[in-house]
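So you can see what is in the structure, the chains are spelled out below.
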Amino acid sequence: MPRVGLTTDRLVEAAAELADEAGFDNVSISALARRFGVKDASLYSHVKNLRELRTRLALLVGGEMIDRIAVAVVGLAGKEALVAFAGAYREYALRHPGRYAATQIRIDPETDGELTAGSPAPRRTAEITYGMLRAYDLDEPDLTDAVRLLRSTFHGYCALEAGGGFGAPRDVQRSWDKAIDALHMALTHWPRETDTGDIGDTAG
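For the structure given in this document, a descriptive report is provided here. The model shown is predicted, which means the values in this text are computed figures rather than measured ones.

Here is what the cut-offs are and how they apply
- Residues numbered from 1 in each chain as written.
- Predicted model: local features only at pLDDT ≥ 70, side-chain atom pairs only at ≥ 80, totals over all residues.
- Heavy atoms only, no water.
- Helix = DSSP H or I, 4+ residues; strand = E, 2+ residues; numbered from the N terminus.
- Buried < 20%, exposed > 50% of the residue type's maximum accessible area, 1.4 Å probe, protein only.
- Contact = heavy atoms within 4.5 Å.
- Areas by Shrake-Rupley, 256 points an atom, 1.4 Å probe, with all protein chains shown as cover.
- Polar contact = N/O pair within 3.5 Å; in protein donor to acceptor, adjacent residues only side chain to side chain.
- Phe/Tyr/Trp six-rings, centres within 6.5 Å; stacked < 30°, edge-to-face > 60°.
- Lys NZ or Arg CZ within 6 Å of the ring centre and 35° of its normal.
- Axes fitted to C-alpha atoms, helices over the stretch in contact; angles between N-to-C directions.
- Parallel < 35°, antiparallel > 145°, perpendicular 65-115°, else oblique.
- Nonpolar A, V, L, I, M, F, W, Y, C, P; charged D, E, K, R; others polar.
- Core = buried A, V, L, I, M, F, W, Y, C linked by side-chain atoms within 4.5 Å.

### A short note on the overall build of the chain
Move 1: Scanning the chain from N- to C-terminus turns up 10 helices and 0 strands.
Move 2: When its helices and strands are written in sequence order, the chain yields α-α-α-α-α-α-α-α-α-α.
Move 3: Projected onto the principal axes, the alpha-carbon positions of the chain cover approximately 60 × 45 × 30 Å.
Move 4: Residues counted as buried form 40% of the 204 residues belonging to the chain.
Move 5: Across the chain, contacts joining residues at least 24 apart in sequence account for 72% of those joining residues at least 6 apart.
Move 6: For the chain, the accessible surface area stands at approximately 11,300 Å², while carbon and sulfur atoms represent 53% of it.

Here is the structure:
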């Protein structure tokens, strides 16, 4: 019998809170059951398994993250939009490490299609990201390559920063600013693909 007041949405929100408190890897059915003071079996009326819980969590926090990025880039274009996009990305990743870790899991359109179909987050993320890149006048497959470059740079930098991986005395913010300058230059002078037959996926 489902506990009164406990819904799937509330369960996923609690998973997000737990992710930031204890780390994404510690988000489990058992940990959430203890949080609500119920048996593990009680939660299976809301999610089928841990995979579904974590997928729902990834979609929830992915939506949170892109909403913040969208606010940051509104009305901006070119380098200004890139700086704002990158800054909002970094702020979310550093402020919400557990939630951010959830955004990095692989969501399979085939097995998770029903969940992704009900969430605007993946589509919105693609729209905002590709919209930010519009000023650089890139076509496929260069767009997909550019998205992958941005994602790997942002993620790598944030992961190293969060883990205390930058030991040199150089100010971390100054290095970040230089990295974004370099990305802007790379996008402006992109080595364009001559064969445009391959179309990339929006996940990057």
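Further notes follow.
### Focus on the environment of Tyr89
Move 1: Looking at the element boundaries, Tyr89 is found in helix H5 (residues 78-95).
Move 2: Taking the C-alpha atoms as reference points, Tyr89 and Ile66, separated by 23 residues in sequence, lie 8.2 Å from one another.
Move 3: Once you skip the residues sitting within four places of it in the chain, Tyr89 turns out to touch Met65, Ile69, Tyr100, Gln104, Arg151, Phe154, His155 and Cys158.
Move 4: A distance of 2.6 Å separates a polar atom in the side chain of Tyr89 from a polar atom in the side chain of Tyr100.

### Considerations on helix H2 (residues 29-36)
Move 1: Inspection of H2 places Ile29, Ala31, Leu32, Ala33 and Phe36 among the buried residues, and these make up the whole buried set.
Move 2: Those residues of H2 that are buried lie in contact with helix H1 (8-22), helix H3 (40-43) and helix H4 (50-73).
Move 3: The first or second residue beyond H2 is Gly37, which carries a positive phi of 70°.

### Concerning unusual backbone geometry
Move 1: Residues Glu140 and Pro141 are joined by a peptide bond in cis, for which omega reads 5°.
Move 2: Residue position: Pro141 is located in the loop between helix H8 (121-133) and helix H9 (142-162).
Move 3: With a phi angle near 55°, Asp137 is a residue other than glycine that sits in the positive phi range.
Move 4: For Asp137, the position within the fold is in the loop between H8 and H9.
Move 5: For Asp137, a relative accessible area of 54% translates into the label exposed.

### Overview of the packing of aromatic side chains
Move 1: Tallied over the entire structure, the rule returns 6 aromatic pairs.
Move 2: Relative to Phe154, the ring of Tyr89 has its centre 5.3 Å away and its plane inclined at 50°; by these criteria the two rings are tilted. Placement of Tyr89 in helix H5 and of Phe154 in helix H9 is noted, with a sequence separation of 65 residues between them.
Move 3: Judged by relative accessible area, which is 8%, Tyr89 ranks as buried.
Move 4: The exposure class of Phe154 is buried, given its relative accessible area of 1%.
Move 5: A centroid spacing of 6.0 Å and a plane angle of 40° characterise the contact between Phe154 and Trp176, whose relative ring orientation is tilted. One end of the pair, Phe154, is in helix H9; the other, Trp176, is in helix H10 (residues 172-188), with 22 residues separating them in the sequence.
Move 6: Aromatic ring contacts, followed pair by pair, group Phe85, Tyr89, Tyr100, Phe154, Tyr157, Phe166 and Trp176 into a single cluster.
Move 7: Sitting over the ring of Phe24, Arg54 keeps its end group 4.9 Å from the ring centre.

### Here we look at the packing of H1 against H2
To characterise two packed helices, one gives the angle between the axes of the helices and the distance between these axes.
Move 1: Following both chains from N to C, one finds H1 and H2 inclined at 105°, their axes separated by 10 Å at the closest point. The orientation of H1 with respect to H2, classified from their angle, is roughly perpendicular. For the pair H1 and H2, contact is made by Arg10, Leu11, Ala14, Ala15, Glu17, Leu18 and Glu21 and by Ala31, Leu32, Arg35 and Phe36, respectively.
Move 2: Of the residues assigned to the contact of H1 with H2, the class counts are 7 nonpolar, no polar and 4 charged.

### Section: the nonpolar core
Move 1: Core analysis: the largest hydrophobic core is formed by 55 residues, its most contacted members being Leu53, Leu57, Ile69, Leu82, Leu133, Phe154 and Leu187.
Move 2: Of all the secondary structure elements, the ones that give two or more residues to this core are H1, H2, H4, H5, helix H6 (97-102), H8, H9 and H10.
Move 3: With near-sequence residues (within four places) excluded, Leu187 lies in contact with Leu82, Leu133, Tyr136, Leu138, Ala146 and Leu150.

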